[in-house]
Amino acid sequence: MFIENFKVESPNVKYTENEIHSVYDYQTTELVHESKNGAYQWTVKPKTVKYEFKTDTHVPKLGVMLVGWGGNNGSTLTAGVIANREGISWATKEKVQQANYFGSLTQASSIRVGSFNGEEIYAPFKSLLPMVNPEEIVFGGWDISDMNLADAMGRAKVLDIDLQKQLRPFMEHMVPLPGIYDPDFIAANQGSRANHLIKGTKKEQLEQVIKDIRDFKEKNKVDKVVVLWTANTERYSNVVAGLNDTTENLMSSLDKNEAEISPSTLYAIACVLENVPFINGSPQNTFVPGLIELAIKNNSLIGGDDFKSGQTKMKSVLVDFLVGAGIKPTSIVSYNHLGNNDGMNLSAPQTFRSKEISKSNVVDDMVASNGILFEAGEHPDHVVVIKYVPYVGDSKRAMDEYTSEIFMGGKNTIVMHNTCEDSLLAAPIILDLVLLAELTTRIEFKAENEGKFHSFHPVATLLSYLSKAPLVPPGTPVVNALSKQRAMLENILRACVGLAPENNMILEYK
């Protein structure tokens, strides 16, 4: 059975006019490596920590500024939200299609809330806590191309023509702000699009981005702004002592107009200084150490890296299954070809390297979890190939071969072909990222031994489910397994309304 909404009734939960307050017993374990009877052994001690959560239930008017607004992802997301808001339907060769949010965790997935008369009861994910309605978002942003959003939608060749025709009147007046362009950080083949640029030194560009954010907020009368990078993949920045390794050095380098500060890092610095959440949707190392330090110091949310949409999402499911089943993956070969502008930009070796790194690390935590299958330091052979094939456009092809060792020296090979409509998979992920980033800024919590409520850590691990290479605070384990990432996110939101984690035990029926 599916219900649209619910309210928790518990002595541990209190609803007021402005907030939800919950008291939550966090069940965890403490591990001790200690000497007993002359030998060291591991002891696992169950432990309970009491937490309190406060969630501000006032849903703000939200502005979303996309870096690369006129690209395939930005134009597709904007078009999709407008189509849903206006209730647009359009003719395809199969049927009359209705606008929807399929592919969005917040808008199109569900959670289990319990059972009733022997039947499982589910509710929308978005019913857990008050979230921004996507159709009330004000969109804006920057682009190095001056094309309006209607023409950009046409250039992207993602949406059906009948839909594009209906959307044009809503999008023709939408023109991105000039963007920061540095040809040293992206492929040379992007130069022909770069006709709409923020000029000046890096510090002057930073100041312009700050001004743009303030002007956008004022002009549109929004309460909050979230900024997300969905522009071209950049090459990796060199992390150099004295340049970008500390906040002091990074800001000094900015004053000196050092060449090694990337455009994405400039946008991120601007957001941190303005206390505006910034999410990196591409694989480059935007968050150099000095920037992470600045975000922590200012308690300003940063998240990323790289949208987890197609091949990598499947990999984070399949390898988790194999290792969890006691099967040993020994070789993972992943091949992609695509023909959109992302593929064109990735045809340059330096930008491909950024993508290769973000795709390659996705299995590390799953491999490390099973010391029966893998010795310390042992990894499967893992190769990632991306090729640019203009004809296929946004319809990316991903082919994977997983070879594993099974019982008694046997071999098992799984071959997968995945046709990913790239921007149609990425757009709802962008939506989820900005909605969840905004939501997390309204949640505060404290442990029983802490005096004051505080926000989550500014390096937003809560967004890991949506990120190919999750950014985590220094010293924090990286979790890539998709099921664990989703469970973490859902269970923390459940804790905010005093619900126990979903553990699937269902003891009442055992």
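What counts and how
Residues numbered from 1 in each chain as written. Predicted model: local features only at pLDDT ≥ 70, side-chain atom pairs only at ≥ 80, totals over all residues. Heavy atoms only, no water. Core = buried A, V, L, I, M, F, W, Y, C linked by side-chain atoms within 4.5 Å. Buried < 20%, exposed > 50% of the residue type's maximum accessible area, 1.4 Å probe, protein only. Helix = DSSP H or I, 4+ residues; strand = E, 2+ residues; numbered from the N terminus. Contact = heavy atoms within 4.5 Å. Polar contact = N/O pair within 3.5 Å; in protein donor to acceptor, adjacent residues only side chain to side chain. Pairing = 2+ DSSP bridges. Axes fitted to C-alpha atoms, helices over the stretch in contact; angles between N-to-C directions. Arc of directions from axis to C-beta. Phe/Tyr/Trp six-rings, centres within 6.5 Å; stacked < 30°, edge-to-face > 60°. Lys NZ or Arg CZ within 6 Å of the ring centre and 35° of its normal.

Asks: Which parts of the structure should I look at to understand the nonpolar core?
Replies: Generally speaking, nonpolar side chains in soluble globular proteins are found buried as a group. L167, M171, L436 and L493 are the most contacted members of the largest nonpolar core, which totals 67 residues. By residue number, the principal contributor to this core is helix α13 (residues 422–440), which donates 11 residues. Those residues within four positions of L493 in sequence are excluded, and the remaining contacts are F125, L128, L129, M131, L439 and I443. Grouped together as the second largest cluster of nonpolar side chains are 36 residues, L206, F278, L291 and V459 included.

Asks: Help me out: how do you make sense of the side chain of E502 in this one?
Replies: With respect to the helices and strands, E502 occurs in the segment after α14 (482–495). Within polar-contact distance, the side chain of E502 engages the backbone nitrogen of N504 at 3.1 Å. For E502, the contacting residues outside a window of four places in its chain are R112, E490, N491 and R494.

Asks: Is there a simple way to explain the sheet that holds strand β3 (residues 39–56) in this structure?
Replies: Each strand in a sheet pairs with its neighbour through backbone hydrogen bonds, running either in the same direction (parallel) or in the opposite one (antiparallel). The strand order across the open sheet built from four strands is β1-β2-β3-β18, with neighbouring strands paired in antiparallel fashion. Edge positions in the sheet fall to β1 (13–15) and β18 (443–447), since each of these pairs with one other strand and no more. The average angle at which neighbouring strand axes cross in this sheet is 25°, direction not considered. Of the pairings in the sheet, the one linking β3 to β18 comprises five bridges and is antiparallel in character. Bridge pairing in β18 places Y51 opposite A447.

Asks: Help me out: how do you make sense of the sheet that holds strand β11 (residues 224–229) in this one?
Replies: Sheet architecture is open: six strands sit in the order β10-β9-β4-β11-β12-β13, paired in parallel fashion. With partners counted over all chains shown, the strands left at the sheet margins are β10 (177–178) and β13 (302–303), one partner each. Two elements, strand β4 (residues 62–67) and strand β9 (residues 138–143), share five bridges in a ladder whose sense is parallel. The residue of β9 that forms the bridge with M65 is G140.

Asks: What's the story with the environment of P283 in this structure? I'm lost.
Replies: Note on placement: P283 falls in the loop between β12 (278–280) and α8 (289–298). Among the residues examined, P283 registers a relative accessible area of 3% and is labelled buried. Along the sequence, P283 and E234 sit 49 residues apart, while their C-alpha atoms lie 7.8 Å from each other.

Asks: Just checking my understanding: could you explain helix α6 (residues 247–255) for this structure?
Replies: Residues spaced three or four apart along an α-helix point in a common direction, a consequence of the helix completing one turn every 3.6 residues. By the burial criterion, the buried members of α6 are T247, L250, S253 and L254. Around the axis of α6, the buried residues are gathered within 130° of arc, so they sit on the same side. Seen from the buried face of α6, the exposed residues on the opposite side, beyond 90 degrees, are E248 and D255. Buried residues in α6 make contact with α5 (202–220), α7 (263–273) and α8.

Asks: Looking at this model, I keep getting lost on the packing of aromatic side chains. Mind explaining?
Replies: Centre-to-centre distance and the angle between the planes together describe a pair of aromatic rings. Evaluation of the coordinates by the stated rule reveals nine aromatic pairs. Seen from their ring centres, Y26 and Y51 are 6.0 Å apart, and the 70° between their planes marks the pair as edge-to-face. Here Y26 is found in strand β2 (residues 19–36), whereas its partner Y51 is found in strand β3, with 25 residues between them in sequence. Residue Y26 is classed as partly exposed on the basis of its relative accessible area of 36%. On the basis of an interplanar angle of 65° and a centroid distance of 5.9 Å, the ring pair of W229 and Y267 is categorised as edge-to-face. Of this pair, W229 sits in strand β11 while Y267 sits in helix α7, placing them 38 residues apart in sequence. Across the pair, exposure class does not vary: W229 and Y267 are buried alike. One aromatic cluster is present, built from ring pairs that chain together Y24, Y26, Y51, F53, F445 and F456. Between the NZ or CZ atom of K7 and the centre of the ring of Y15, over which it lies, the distance is 4.8 Å. If you follow K54 out to its NZ or CZ, it ends over the ring of F453, 4.5 Å from the centre.

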